[in-house]
Amino acid sequence: MLFDIDPDRQEPIGKYGQILFRERFPELEFSYATDIAEAYTGMDLVFMQMRAGGSDMRAKDEHIPLSMGMIGQETCGAGGMAYGLRSCVDMIKAVHDIRDYAPDAWILNYSNPAAIVAEALRREFPQDKRLLNICDQPENVVRSCSRLLGCDWEDRMPKIRRRIKEDGFLPQDAEQRDQSWLDTYGMVQTIMNDFLDHLPNTYDQYYLYPEYKASHLNPDYTRADEVGDRFDANSIAFCMVKEEKEIAAFAGFVGRIRS
């Protein structure tokens, strides 16, 4: 079951899903809905992601702070805080809705800002042990380090640091990344030169170098604009696979698990 609160967006994506599953997974039953009860009733697993306020509000989160010389990134700084406050309200409501119709379902949440949302849900649902919050970036950093060394996951910090210092740092899926992401990974080399004992997270740039980032980011063309341009230039099928977390105000995949 594919669920979305926006019927205009849901219709083409839902029809695409019907074609995809009929051709590739004919043994599975696929449907889509915009009604909460229809989507959640009797489900065992809910994989959910939302963008509270949609892409328009994301653009404001990024543009307004940068226009004032401050960081306005999707999950960090003033923009991230504004997005987080909206997300917490909508996420809490969504989890209550799920629990009304599927009290025992596992909920796997993939919504940003991940840490703020996770803490809000922990406080609202302290006893809910089937509510998990995830982010792909920590794993992506580990896999990127592994690719850098041409090896599987293992503890090779000295070699990693030496290679980054000499050759810089690229995400493991660099060929599919926009320039803003390549710039973000490129800052790792700079941070490492200033903090010699650490392999930094890519998001540290916004906390350790806020003035530098604010002065080098274009307030008239932010990540939100970059995503929008890429969405306009590609097919819905490509966006469904690659960009759903960027374009969805609230989209969720819910399913019944059969033994």
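None of these values were measured; they are calculated from a predicted model.

Conventions used here
- Residues numbered from 1 in each chain as written.
- Predicted model: local features only at pLDDT ≥ 70, side-chain atom pairs only at ≥ 80, totals over all residues.
- Heavy atoms only, no water.
- Helix = DSSP H or I, 4+ residues; strand = E, 2+ residues; numbered from the N terminus.
- Buried < 20%, exposed > 50% of the residue type's maximum accessible area, 1.4 Å probe, protein only.
- Contact = heavy atoms within 4.5 Å.
- Expected span 1.5 Å × (residues − 1).
- Arc of directions from axis to C-beta.
- Pairing = 2+ DSSP bridges.
- Right-handed = clockwise from strand over helix to strand, strands pointing away.

A. The arrangement of the side chain of R99 in detail. Turning to its location among the elements, R99 is positioned in helix α4 (residues 77-101). A relative accessible area of 16% means that R99 is categorised as buried. In this view, R99 contacts D104, A105, I107, D128 and R130; residues no more than four positions away in its chain are not counted.

B. Looking closely at the environment of T222. Inspection of the secondary structure assignment puts T222 in the loop between α10 (210-216) and α11 (223-233). By relative accessible area, T222 is classed as buried at 7%. Separated by 148 residues in the primary sequence, T222 and E74 place their C-alpha atoms 9.9 Å from one another. Setting aside anything within four residues of it in sequence, one finds T222 in contact with E62, H63 and L66.

C. Highlighting unusual backbone geometry. In this model, N112 is joined to P113 through a cis peptide bond whose omega is -10°. Considering the arrangement of structural elements, one finds P113 in the loop between β4 (106-109) and α5 (114-124).

D. Looking closely at helix α8 (residues 179-194). The first and last C-alpha atoms of α8 sit 23 Å apart over 16 residues, in line with the 22 Å expected at 1.5 Å per residue. Listed in full, the buried residues belonging to α8 are W181, T184, Y185, M187, V188, I191 and M192. For α8, the buried positions fall inside an angular range of 140° around the axis, keeping them on one side.

E. Focus on the pairing of β4. The alternating pattern of β4 places I107 and N109 on a buried face and W106 and L108 on a face that is not buried. Bridge count between strand β3 (residues 45-50) and β4: 4 bridges; the pairing is parallel. In the strand pairing of β4, V46 is matched with I107. Of the pairings in the sheet, the one linking β4 to strand β5 (residues 131-133) comprises 3 bridges and is parallel in character. In the sheet register, N109 faces β5, and the bridge partner there is N133. Taken together, β4, α5 and β5 constitute a β-α-β crossover, and its handedness is right-handed.

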